[in-house]
Amino acid sequence: MKIGVLISGRGSNLKALIEACAEPDFRGKIALVISNRPGAAGLAIAEAAGIPTLVIDHKEFASRETFDAELDHALTKAGVEIVCNAGFMRILSDGFVEKWRDRQLNIHPSLLPAFKGLHVHQRALDAGVKITGCTVHFVRPEMDEGPIVAQAAVPVLPGDTAETLAARILEAEHRLYPLALRLVVNGEARVVGEHVVLSDADGAEATAPLFVPGI
Ligand code: GAR
């Protein structure tokens, strides 16, 4: 299955996905990495792995729709079948989201539906939660919403700052995103009535592999 990855910055989740795709039994290949920001560090990670990259700078487009049309054109031209948002910090238009419905994943650094949006780690600390984490979900028009494929729980520890908590969650993200993408490319994660149903290779209903890193 051909995968397209959308990034805006550092690209550490992209790196985790590249490593997963290199595993011999992984049935997906990253065909294209697109950044909406020229100079995003993740572009160099993709180039070092020999993956085609493209910059589509949103600032050069008059509207969200024309930017998204260019994105869609590039993904389609590359034969992409599933899109992974990996630190892609742009809201996508409804038309784009509908076109890629159930074929577009996002990773978010909280246990959705808690703490959608930005500044999630500070907001989790401010709320005093003892457990937070990260979520991989199918994308829907509403920001950080959509059927959940997998989640990882991460403890909030005494003395945590937004930075230490973000670093602990990021480690979990690097394990969770490959795991969730593997379920999707294997056809083991299906959307049924806006929930994700997991099945094993034989089609029997299954639960998400559970891990609670950091304890
Ligand atoms: C990750 O923590 C990801 O979960 C977050 O941006 C970071 C990107 O890091 N995404 C969001 O907040 C989307 N709502 P990376 O570029 O190193 O993968």
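Up top is the structure.
First things first, this report covers the structure right here in the doc. Bear in mind the structure is a predicted one, so any value in this text is a computation, not a measurement. For every chain, the first residue of the written sequence is number 1, and numbering continues from 1 onward in sequence order. Residue-level local features of this predicted model are given only where pLDDT is at least 70; pairs of side-chain atoms are given and counted only at 80 or more, and the full residue set underlies all totals for whole chains, interfaces and linings. Side-chain descriptors were evaluated using all non-hydrogen atoms of the structure, hydrogens and water having been removed beforehand.

1. What to know about the environment of Thr53
Then, in step 1: Its location among the elements puts Thr53 in strand 3 (residues 53–55).
Then, in step 2: C-alpha of Thr53 to C-alpha of Leu43: the two residues are ten residues apart in sequence and 6.6 Å apart in space.
Then, in step 3: Residues contacting Thr53, with those up to four places away along its chain left out, are Leu32, Val33, Leu43, Ala46 and Glu47.
Then, in step 4: N or O atoms closer than or at 3.5 Å make up a polar contact, with two conditions inside protein: a donor-capable atom paired with an acceptor-capable one, and, for residues adjacent in sequence, both atoms drawn from side chains. Only 3.2 Å separates the side chain of Thr53 from the side chain of Glu47, close enough to count as a polar contact. Secondary structure elements follow DSSP: runs of H or I no shorter than four residues count as helices, runs of E no shorter than two count as strands, and numbering proceeds from the N terminus. Here, residues are in contact when the closest pair of their heavy atoms is within 4.5 Å.

2. Side note on the packing of aromatic side chains
Then, in step 1: Ring geometry is summarised as follows: Phe, Tyr and Trp rings, the Trp one being its six-membered ring, pair when their centres sit within 6.5 Å, and such pairs are stacked at plane angles under 30 degrees, edge-to-face over 60 and tilted between the two. Counted under the stated rule, the structure contains two aromatic pairs.
Then, in step 2: Seen in terms of ring centroids, Phe61 and Phe67 are 5.7 Å apart; in terms of plane orientation they differ by 75°. Their pairing is edge-to-face.
Then, in step 3: Note on Phe67: relative accessible area 1%, which makes it buried.
Then, in step 4: For Arg90, the ring lying beneath its charged end belongs to Phe67, and the centroid distance is 5.4 Å. Each residue's exposure class comes from its accessible area (1.4 Å probe, protein chains only) as a fraction of the maximum for that residue type: buried when under 20%, exposed when over 50%, partly exposed otherwise. Counted as over-ring charges are cases with an Arg CZ or a Lys NZ within 6 Å of the ring centre that also lie within 35 degrees of the ring normal.

3. What about the packing of helix 1 (residues 12–21) against helix 2 (residues 41–48)?
Then, in step 1: Direction vectors running N to C along helix 1 and helix 2 enclose 15°, while the axes themselves pass 9 Å from each other. For the element pair helix 1 / helix 2, the angle class is roughly parallel. Relative to helix 2, the crossing made by helix 1 is right-handed. Here Leu14, Lys15 and Ile18 of helix 1 come into contact with helix 2, specifically with Gly42, Ile45 and Ala46.
Then, in step 2: Amino acid classes used here: Ala, Val, Leu, Ile, Met, Phe, Trp, Tyr, Cys and Pro are nonpolar; Asp, Glu, Lys and Arg are charged; the rest, including Gly, are polar. For the contact of helix 1 with helix 2, a count of residues per class yields four nonpolar, one polar and one charged. Here the axes come from fitting lines to C-alpha atoms, over the contacting stretch only for helices, and the angles between their N-to-C directions go from 0 to 180 degrees. In this scheme, roughly parallel covers angles under 35 degrees and roughly antiparallel covers those over 145, while 65 to 115 is roughly perpendicular and the rest are oblique. Here is the rule for handedness: rotate from the far helix to the near one, and if that takes an anticlockwise turn smaller than a right angle the crossing is left-handed, while a clockwise turn gives right-handed.

4. Some thoughts on the site of the ligand
Then, in step 1: Around the ligand, the structure places Arg10, Gly11, Ser12, Asn13, Gly87, Met89, Ile107, His108, Pro109, Asp144, Leu170 and Glu173.
Then, in step 2: Ser12 is positioned with one of its side-chain polar atoms (N or O) 2.6 Å from an oxygen atom of the ligand.
Then, in step 3: Those elements that provide at least two residues to the shell around the ligand are helix 1, strand 5 (104–108) and helix 6 (162–185). The nearness test applies per residue and asks whether one of its heavy atoms lies within 4 Å of the molecule or strand.

5. As for the sheet that holds strand 8 (residues 189–192)
Then, in step 1: Two strands pair if DSSP finds at least two bridges between them. Reading across the sheet, the three strands line up as 8-9-10 and stay open at both edges, with antiparallel pairing between neighbours. Looking at which strands have only one partner, the edges of the open sheet turn out to be strand 8 and strand 10 (205–206).
Then, in step 2: Note that strand 8 and strand 9 (residues 195–199) share four bridges and pair antiparallel. Opposite Arg190, over in strand 9, you have Val197 as the bridge partner.

6. Some points on the environment of Gly133
Then, in step 1: Of note, Gly133 is situated in strand 6 (residues 131–138).
Then, in step 2: Along the sequence, Gly133 and Pro109 sit 24 residues apart, while their C-alpha atoms lie 6.1 Å from each other.
Then, in step 3: Residues within four places of Gly133 in sequence aside, it is in contact with His108, Pro109, Ser110, Leu111, Ala152, Ala153, Val154 and Ile169.

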